[in-house]
Amino acid sequence: MASIIGHVVSNYNEILEQTKDPKVDTWPLMGSPVPVLVILSTYLSFVLKIGPKMMANRPAYELKSVIIAYNAFQVLFSIWLTILAFNVDLVSLVFADTCSNEKEPVTNSRLQTALSVGGWWYFFAKITELFDTVFFILRKKYNQVSFLHVYHHTITALFSWCYLKFLPGEQGVVIGFLNSFVHIVMYSYYLIAALGPEYRKYLWWKKYMTWMQLIQFAMMLVYLMFTLAMDCRMPKALTYFFLTNVVIFIYLFSDFYRKAYAKPKKA
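About the criteria used
- Residues numbered from 1 in each chain as written.
- Predicted model: local features only at pLDDT ≥ 70, side-chain atom pairs only at ≥ 80, totals over all residues.
- Heavy atoms only, no water.
- UniProt positions renumbered as here; feature names shortened; annotations may be inferred.
- Helix = DSSP H or I, 4+ residues; strand = E, 2+ residues; numbered from the N terminus.
- Contact = heavy atoms within 4.5 Å.
- Core = buried A, V, L, I, M, F, W, Y, C linked by side-chain atoms within 4.5 Å.
- Buried < 20%, exposed > 50% of the residue type's maximum accessible area, 1.4 Å probe, protein only.
- Salt bridge = Lys/Arg side-chain N within 4 Å of Asp/Glu carboxyl O.
- Axes fitted to C-alpha atoms, helices over the stretch in contact; angles between N-to-C directions.
- Parallel < 35°, antiparallel > 145°, perpendicular 65-115°, else oblique.
- Nonpolar A, V, L, I, M, F, W, Y, C, P; charged D, E, K, R; others polar.
- Expected span 1.5 Å × (residues − 1).
- Patch = residues over 30% accessible without salt bridge, like charges linked within 9 Å, V, L, I, M, F, W, Y side chains within 5 Å.
- Areas by Shrake-Rupley, 256 points an atom, 1.4 Å probe, with all protein chains shown as cover.
- Polar contact = N/O pair within 3.5 Å; in protein donor to acceptor, adjacent residues only side chain to side chain.

By the naming in an unreviewed UniProt entry, the protein chain is Elongation of very long chain fatty acids protein, taken from Nasonia vitripennis. In its Subcellular location (unreviewed entry) section, UniProt records this for the protein chain: "Membrane". As stated in UniProt under Sequence similarities (unreviewed entry), the record for the protein chain gives "Belongs to the ELO family."

Following this line, the structure appears as structure tokens:
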């Protein structure tokens, strides 16, 4: 058993040396897990207990201007993150390098830097998105603070930090690109909705956002299975990690769609 653990640790250290940018540890929130754990603990405490208790005897805040500005920022930020993914030639990376028959790792400082920078900004985006739930609480929209919503925001923030800190890999570019693209559409919807009731006629496509989420996860699943089938030289622990979460999200979003939009059968 000790030899197996030692072998796993040795392989992990070897992969980390090949993929991690040493500058990451000096970046904001990346020196230790304490800051991100404090942020997430504060977030969960507020949205699950402190916030609802604080708002119990208060009228809901309107926050119209704040929410319009916030959603506009998230749309622009998501567009920028999507564009940022193109700093990596992913097609060439997957089909020519990491999925070739050669087993020696290809080190590329420019690629390493691009992955690290993109990974940190993606992590930062997940931190800013925690305000989604804070605004729901302040506006007393408690029905929107579901298990799916809180779990999704908490896990993506935590795991994006763990990805950048412990096991960066090329898979993150595809995952981040797909997620950021979907968020352009999602926050555009929220932005239009925040403009007022007169704009509701333009929001007929609400349920199709969940379709987009599910299609996104299906694409992620196919891509991750492809990297395993082709024995791509990417960190397999990261691939299995992503696969597990993608499957969980497919289940949760499918369950949400079924409950929210599926018509009950007539007796």
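Moving on from the model shown.
Right, let's get into the overall build of the protein chain. Secondary structure summary: the protein chain contains 10 helices and 0 strands in total. Put simply, the protein chain runs from its N terminus to its C terminus through helices and strands in the order α-α-α-α-α-α-α-α-α-α. Put simply, of all contacts in the protein chain between residues at least 6 apart along the chain, 84% involve residues at least 24 apart.

To continue, consider the UniProt feature "transmembrane region" (unreviewed entry) in the protein chain. Under the present numbering, the feature "transmembrane region" (unreviewed entry) in UniProt falls on residues 27-48, 68-88, 119-138, 150-167, 173-196, 208-226 and 238-257. For the annotated span residues 119-138, helix accounts for 90% and strand for 0% of the residues, and the straight-line distance between the end C-alpha atoms is 30 Å.

Here we take up the nonpolar core. The biggest cluster of nonpolar side chains holds 42 residues, and the ones touching the most others in it are Met30, Phe123 and Leu224. Non-local contacts of phenylalanine 123, meaning those with residues more than four positions away in its chain, are made with Leu29, Met30, Val36, Ala157, Ser160 and Trp161. Counting residues in hydrophobic clusters, the runner-up holds 11 residues, among them Tyr70, Val75, Phe135 and Leu203.

This paragraph deals with the pattern of salt bridges. With the rule as written, the count across this model stands at 4 salt bridges. Put simply, aspartate 25 and lysine 165 hold a salt bridge, and the shortest N to O gap is 2.8 Å. Here aspartate 25 is found in the loop between helix H1 (2-19) and helix H2 (34-55), whereas its partner lysine 165 is found in helix H7 (residues 147-166), with 140 residues between them in sequence. Between aspartate 255 and arginine 258 there is a salt bridge, and its shortest N-O distance comes to 2.6 Å.

Attention now goes to the packing of helix H8 (residues 171-194) against helix H10 (residues 236-261). In the contact formed by H8 and H10, the axes pass within 10 Å of each other and the chain directions differ by 25 degrees. Between H8 and H10, the angle is such that the two are roughly parallel. Each of Gln171, Gly172 and Ile175 in H8 lies in contact with H10, whose residues at this interface are Leu238, Thr239 and Phe242. Here the contact of H8 with H10 is built from residues that sort into 3 nonpolar, 3 polar and no charged.

With that out of the way, let us pick up H10. Between its terminal C-alpha atoms H10 stretches 37 Å, which fits the 38 Å expected from 26 residues at 1.5 Å a residue. For H10, the elements touching its buried residues are H7, H8 and helix H9 (206-229).

Right, let's get into a nonpolar patch on the surface. A grouping of Trp204, Tyr208, Trp211, Ile215 and Met219 is seen on the molecular surface, where their side chains present a nonpolar patch of about 580 Å² in accessible area. If you trace the backbone, tryptophan 204 turns up in the loop between H8 and H9. The class for tryptophan 204 is exposed, based on a relative accessible area of 64%.

Turning to the side chain of asparagine 245, a few remarks are in order. Assignment of secondary structure puts asparagine 245 in helix H10. Polar side-chain contacts of asparagine 245 include one of 3.0 Å to the backbone oxygen of phenylalanine 241. Those residues within four positions of asparagine 245 in sequence are excluded, and the remaining contacts are Tyr151, Ile155 and Phe159.

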